[in-house]
Amino acid sequence: MLVLAHISDLHLDGTARATRRAEQVRDRLWELPGRVDALLVTGDIADHGAEAEYEEAARVLGLHDGSAPVPVLTCPGNHDRRAAYRKALLGLPASGEPINSVRVFAGGAVLMCDSSIPGRDDGALEAATYDWIEATLDELGGRLPVLLAFHHPPVALHHPLPDSYRLGRPQALAALMERRPEIAGLVTGHAHSAAATTFAGRPLVVGPGVTWTLRLPWEGEQVADRDAPVGLAFHVLDDAGRLTSHFRVVR
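About the criteria used
- All residue numbers here refer to positions counted from 1 along the written sequence of the relevant chain.
- Where local features are concerned, this predicted model is filtered to residues with pLDDT of at least 70; where side-chain atom pairs are given and counted, the filter is 80 or more; whole-chain, interface and lining totals use all residues.
- To get the side-chain values, all heavy atoms of the structure are used, and hydrogens and water are removed first.
- Here a helix means four or more residues in a row that DSSP labels H or I, a strand means two or more in a row labelled E, and each is numbered from the N terminus.
- The globule rule is 2.2 Å times the number of residues to the power 0.38, and the radius of gyration it is compared with is taken over C-alpha atoms.
- When accessible area is computed with a 1.4 Å probe and restricted to protein chains, residues below 20% of their type maximum are described as buried, those above 50% as exposed, and intermediate ones as partly exposed.
- Any pair of residues with heavy atoms lying within 4.5 Å of one another is described as a contacting pair.
- Any Lys or Arg side-chain nitrogen found within 4 Å of a carboxyl oxygen on Asp or Glu counts as a salt bridge.
- Polar contact is the term for a pair of N or O atoms within 3.5 Å; when the atoms are in protein, one must be able to donate a hydrogen and the other to accept it, and sequence-neighboring residues count only if both atoms are side-chain atoms.
- For two strands to count as paired, DSSP must find a minimum of two bridges between them.
- For crossovers, right-handed means that the path from the first strand over the helix to the second runs clockwise, given strands pointing away from the viewer.
- Here, expected helix span is obtained from the residue count minus one, scaled by 1.5 Å.
- Nonpolar cores are built from buried Ala, Val, Leu, Ile, Met, Phe, Trp, Tyr and Cys residues. Side-chain atoms within 4.5 Å join them into one set.
- Only the stretch in contact is used when a helix axis is fitted, and all axes are lines through C-alpha atoms; the angle between N-to-C directions ranges over 0 to 180 degrees.

Check the secondary structure of the protein and you find six helices and 13 strands. Expected size for 251 residues packed as a compact globule is a radius of gyration near 18 Å; at 17 Å, the protein falls within 12% of this value. Projected onto the principal axes, the alpha-carbon positions of the protein cover approximately 45 × 45 × 40 Å. Residue burial in the protein is summarised as follows: out of 251 residues, 54% are buried. Sequence separation of at least 24 residues holds for 66% of the intrachain contacts in the protein that already meet a minimum separation of 6.

So, about the pattern of salt bridges. If charged atoms from side chains of opposite charge come close, those side chains can pair. Evaluated as defined, the whole model comprises twelve salt bridges. With its nearest N and O atoms 2.3 Å apart, the salt bridge here joins Arg-179 to Glu-134. With Arg-179 in helix 6 (residues 170–179) and Glu-134 in helix 4 (residues 127–140), this pair connects stretches of sequence that are 45 residues apart. Put simply, Arg-180 and Glu-134 hold a salt bridge, and the shortest N to O gap is 2.9 Å.

This part is about the side chain of Ser-193. Position of Ser-193 among the secondary structure elements: in the loop between strand 7 (183–188) and strand 8 (195–199). Ignoring sequence-local partners within four residues, the contact set of Ser-193 consists of Val-206, Gly-207, Pro-208, Gly-209 and Leu-214.

Within the secondary structure, His-152 sits in the loop between strand 6 (146–149) and helix 5 (160–163). Engagement of the side chain of His-152 in a polar contact is seen with the backbone oxygen of Asp-122, the distance being 3.5 Å. Ignoring anything within four residues of it in the chain, the contact list for His-152 reads Asn-78, Ser-115, Ser-116, Asp-121, Asp-122, Gly-123, Tyr-165, Arg-166, Leu-167, Thr-188 and His-190.

A two-sided burial pattern is seen for strand 6, the buried positions comprising Val-146 and Leu-148 on one face and Leu-147 and Ala-149 on the other. Judged from the four bridges that link them, strand 5 (residues 108–112) and strand 6 form a sheet pairing that is parallel. Among the inter-strand pairings, Met-112 is bridged to a residue of strand 6, identified as Ala-149. Between strand 5 and its parallel partner strand 6, the chain crosses via helix 4, and the hand of that crossover is right-handed. Bridging between strand 6 and strand 7 involves four bridges; their strand directions are parallel. Pairing of Leu-147 across the sheet is with Gly-185, part of strand 7.

Let us now look at the environment of Tyr-54. Mapping Tyr-54 onto the fold places it in helix 2 (residues 51–61). Residue classification places Tyr-54 among the buried positions, given a relative accessible area of 0%. The spacing of Tyr-54 and Leu-89 is 35 residues in sequence and 5.1 Å in space, taken between C-alpha atoms. The residues contacting Tyr-54, other than those within four sequence positions of it, are Ile-45, Ala-46, Gly-49, His-79, Asp-80, Arg-81, Ala-84, Tyr-85, Ala-88 and Leu-89. Here the side chain of Tyr-54 touches Asp-80 through a polar contact of 2.8 Å, side chain to side chain.

Here the focus is helix 1 (residues 16–30). Its 15 residues place the ends of helix 1 20 Å apart at the C-alpha level, agreeing with the 21 Å of an ideal helix rising 1.5 Å per residue. Inspection of helix 1 places Arg-17, Ala-18, Thr-19, Arg-21, Ala-22, Val-25, Arg-26 and Leu-29 among the buried residues, and these make up the whole buried set.

Moving on to the nonpolar core. Counting 33 residues, the largest nonpolar core has Ile-7, Val-25, Leu-29, Leu-39, Val-41 and Tyr-54 as its most contacted members. When residues of this core are traced back to their parent elements, those giving at least two are strand 1 (2–7), helix 1, strand 2 (38–42), helix 2, helix 3 (82–90) and strand 12 (230–237). Once residues within four sequence positions are removed from consideration, Leu-39 is found in contact with Ala-5, His-6, Ile-7, Leu-29, Trp-30, Leu-61, Val-70, Pro-71, Val-72 and Leu-73. Grouped together as the second largest cluster of nonpolar side chains are 25 residues, Val-146, Ala-172, Phe-199 and Val-206 included.

With that settled, the discussion passes to the sheet that holds strand 2. If you walk across this open sheet you meet the five strands as 3-2-1-12-13, and the pairing is mixed. Looking at strand neighbours, the two that pair on one side only are strand 3 (72–75) and strand 13 (243–250), the edges of this open sheet. When the angles between neighbouring strand axes are averaged without regard to direction, this sheet yields 25°. Sheet topology places strand 1 next to strand 2; four bridges connect them, and they run parallel. The residue bridging Ala-5 from the neighbouring strand is Leu-39, located in strand 2.

That's the geometry; what it means functionally is another story.
Quick look at the structure:
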């Protein structure tokens, strides 16, 4: 069994408010009585893509000083900038190539995929990313259930804001999933609203936002609820490849 804590859309921007909310959810997770296998962060870690914002994220998440009690898995969103992300968050040489990575656990594997398009708010998985996914799944040999994690949901969530900037060419992703039964589900962010649906016959779970929560059209005209508590999710991928998700708020 694989257990992931999941947060998204920190939008760290140098303000005390953004830092406080990120630290609030961090503290809750670091102080859990039981240990999760990893923390997954699905994009928009920085608000402007500045190196200083990623340095702050690395401090909050304990990426460089070893203070994180569990592995921290990340993928970029539309507010992130690849070169600064690589350099200041990951400690890698700056580059504009897609940021893709994999983490293999005893109970499953997580592929963190880059769905960002430099300079745009909508998303896409580049051909190089699809090739990487296929090659990585080949290496895994179908022996473990797999979660694909990226920023942009590939389906409509019934709010005009995230639906205007979702993942492009979802049919290519659906075709991949039809060929790859080991993919147990998809985990995304971007919408600032916890949501659960299906895509290509498998679960699709959208993580809640840390910085603010999306108000749905029937909840009021103001889009961003900045007073809503910070949200997080726990995903359980069991030995049968079934994905179960639980949602919490942090007050």
